[in-house]
Amino acid sequence: MKETSIFARWYHKNLGRFIPEYAVCSLAACWIWNTLIYSGTEILLKNAHRYDFTSRYDRMIPFVKEWIFIYLICFVFWAVNYILISREGKEHWYRFVAADMLSRLVCFFFFVFLPTTNVRPQVIGTDFASILVRLVYAIDAPMNLFPSIHCLCSWFSYIGIKGSKKVPCWYQRFSFVFALLVCASTQFTKQHYLIDIAGGVVLAQVMYMLMKHSHCYRYLERKFDWIGRKVFGTYYDE
């Protein structure tokens, strides 16, 4: 009988059908790394001088509170698509992980050396959309705007499954449209500037293409294989 960890037994009973073993630790690491970069720089640079890049084109875009639903639903979109990407195969997944993590490192340098902010509208309604907007504004301070991680993650979620033979074509098309809707939501909720969309999308595309033609992803693969063996015990399958 194979020796397994408690986590391994729980995983195979609950998540084994959805997330490959090789992707479990790195999938969690992507979320942790993103949180450290975004929240960590907010704490470190809380009192830093910030630049407001709001343009006249940004001012022409109206505030539409209902777009907050798209802005928040995208968290589910990211989770689903990152899991789908992890199922595309080990090499594809680790190339994606490398691109995803390196993109956050680039974000870190922008957040530190080009800190940004904007002026949000006053939301006084009592409807559900207004309440959600005020909640988002209270939780998410107007900083770390460029590049937009919302747009970055959404574009990654699309290009990671683009051309997949495992994901239905209709869902690939939906992911493209939804990624664009998320980008639009960052504008209508006044969470970002227009330039933040370009920054997020271009950064995701560049990192993805770079890792697609590079072998540096293998370093992360070896590290996560080692972590996987520790987490899953002898049950871990490379």
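Residues numbered from 1 in each chain as written. Predicted model: local features only at pLDDT ≥ 70, side-chain atom pairs only at ≥ 80, totals over all residues. Heavy atoms only, no water.

1. Overview of a nonpolar patch on the surface
Phase 1: A surface patch of nonpolar side chains, about 530 Å² in accessible area, is lined by Phe69, Ile73, Val76, Val80, Phe128 and Ile131.
Phase 2: Within the residue set of the nonpolar patch, elements represented by two or more residues are helix 4 (68-86) and helix 6 (128-139).
Phase 3: Considering every element that reaches the nonpolar patch, the biggest residue donor is helix 4, with four residues.
Phase 4: Residue class for Val80 comes out partly exposed when judged on its relative accessible area of 37%. (Patch = residues over 30% accessible without salt bridge, like charges linked within 9 Å, V, L, I, M, F, W, Y side chains within 5 Å. Areas by Shrake-Rupley, 256 points an atom, 1.4 Å probe, with all protein chains shown as cover. Salt bridge = Lys/Arg side-chain N within 4 Å of Asp/Glu carboxyl O. Helix = DSSP H or I, 4+ residues; strand = E, 2+ residues; numbered from the N terminus. Buried < 20%, exposed > 50% of the residue type's maximum accessible area, 1.4 Å probe, protein only.)

2. Topic: unusual backbone geometry
Phase 1: The omega angle of the peptide bond from Phe146 to Pro147 is -5 degrees, so this bond is cis rather than trans.
Phase 2: Locating Pro147 in the fold gives a position in the loop between helix 6 and helix 7 (149-159).
Phase 3: In the Ramachandran plot, Lys190 falls in the positive-phi region, its phi being about 60 degrees despite a non-glycine side chain.
Phase 4: Examined against the element boundaries, Lys190 turns out to sit in the loop between helix 8 (169-188) and helix 9 (194-212).

3. Structural notes on the layout of surface pockets
Phase 1: Quantified by volume, the largest pocket comes out at close to 720 Å³.
Phase 2: Lining the largest pocket are 24 residues, and of these Trp31, Asn34, Thr35, Phe75 and Trp78 lie nearest its centre.
Phase 3: Put simply, the parts of the chain that give the lining of the largest pocket at least two residues each are helix 2 (21-44), helix 4, helix 5 (90-113), helix 6 and helix 7.
Phase 4: Per-element accounting of the lining of the largest pocket gives the leading share, eight residues, to helix 2.
Phase 5: Empty space within the second largest pocket amounts to approximately 170 Å³.
Phase 6: Around the second largest pocket, the lining residues are His92, Arg95, Phe96, Ile159, Lys162, Gln205, Tyr208, Met209, Met211 and Lys212.
Phase 7: At the level of secondary structure, the elements contributing two or more residues to the lining of the second largest pocket comprise helix 5 and helix 9.
Phase 8: In terms of residue class, the lining of the second largest pocket is made up of five nonpolar, two polar and three charged. (1 Å grid on protein atoms, 1.4 Å probe; cavity = no way out; pocket = protein on both sides within 12 Å on 5 of 7 lines; lining within 4 Å. Points joined across faces, edges and corners; volume = space filled by probe spheres on them. Nonpolar A, V, L, I, M, F, W, Y, C, P; charged D, E, K, R; others polar.)

4. Overview of helix 8
Phase 1: With 20 residues, helix 8 extends 29 Å from end C-alpha to end C-alpha; this agrees with the ideal 28 Å at 1.5 Å per step.
Phase 2: Where helix 8 is concerned, the buried positions are Tyr171, Gln172, Ser175, Phe178, Ala179, Val182, Cys183, Ser185, Thr186 and Gln187.
Phase 3: The inward-facing, buried residues of helix 8 abut helix 3 (56-60), helix 4, helix 7 and helix 9.
Phase 4: Phi turns positive, to about 60 degrees, at Lys190, one or two residues after helix 8. (Expected span 1.5 Å × (residues − 1). Contact = heavy atoms within 4.5 Å.)

5. Comments concerning empty space enclosed by the protein
Phase 1: Scanning all chains against the criterion turns up one cavity of 30 Å³ or more.
Phase 2: By volume, the largest cavity is sized at about 40 Å³.
Phase 3: Along the walls of the largest cavity sit Tyr38, Tyr71, Arg120, Asp140, Ala141, Pro142, Met143, Asn144, Leu145, Gln191 and His192, which together make up its complete lining.

6. Considerations on the nonpolar core
Phase 1: Of all hydrophobic cores here, the largest spans 53 residues; its most connected members are Trp93, Val97, Phe156 and Phe224.
Phase 2: Elements with a contribution of two residues or more to this core: helix 1 (6-14), helix 2, helix 4, helix 5, helix 7, helix 8, helix 9 and helix 10 (217-232). (Core = buried A, V, L, I, M, F, W, Y, C linked by side-chain atoms within 4.5 Å.)

7. Structural notes on the packing of helix 5 against helix 7
Phase 1: Following both chains from N to C, one finds helix 5 and helix 7 inclined at 165 degrees, their axes separated by 12 Å at the closest point. Accordingly, the angle class assigned to the pair helix 5 and helix 7 is roughly antiparallel. For the pair helix 5 and helix 7, the crossing hand works out as right-handed. Packed against helix 5, whose contacting residues are Phe96, Ala99, Asp100, Ser103, Arg104, Cys107 and Phe111, the element helix 7 presents Ile149, Leu152, Cys153 and Phe156 at the interface.
Phase 2: Residue composition of the contact of helix 5 with helix 7, grouped by class: eight nonpolar, one polar and two charged. (Axes fitted to C-alpha atoms, helices over the stretch in contact; angles between N-to-C directions. Parallel < 35°, antiparallel > 145°, perpendicular 65-115°, else oblique. Left-handed = near helix turned anticlockwise from the far one by under 90°.)

8. A look at the packing of aromatic side chains
Phase 1: Applying the stated criterion across every chain, the model contains 21 aromatic pairs.
Phase 2: Taken together, a centroid distance of 4.8 Å and an interplanar angle of 65 degrees make the contact between Phe75 and Trp78 edge-to-face. Residue Phe75 and its partner Trp78 are located together in helix 4, separated by three residues, close to a single helical turn. (Phe/Tyr/Trp six-rings, centres within 6.5 Å; stacked < 30°, edge-to-face > 60°.)

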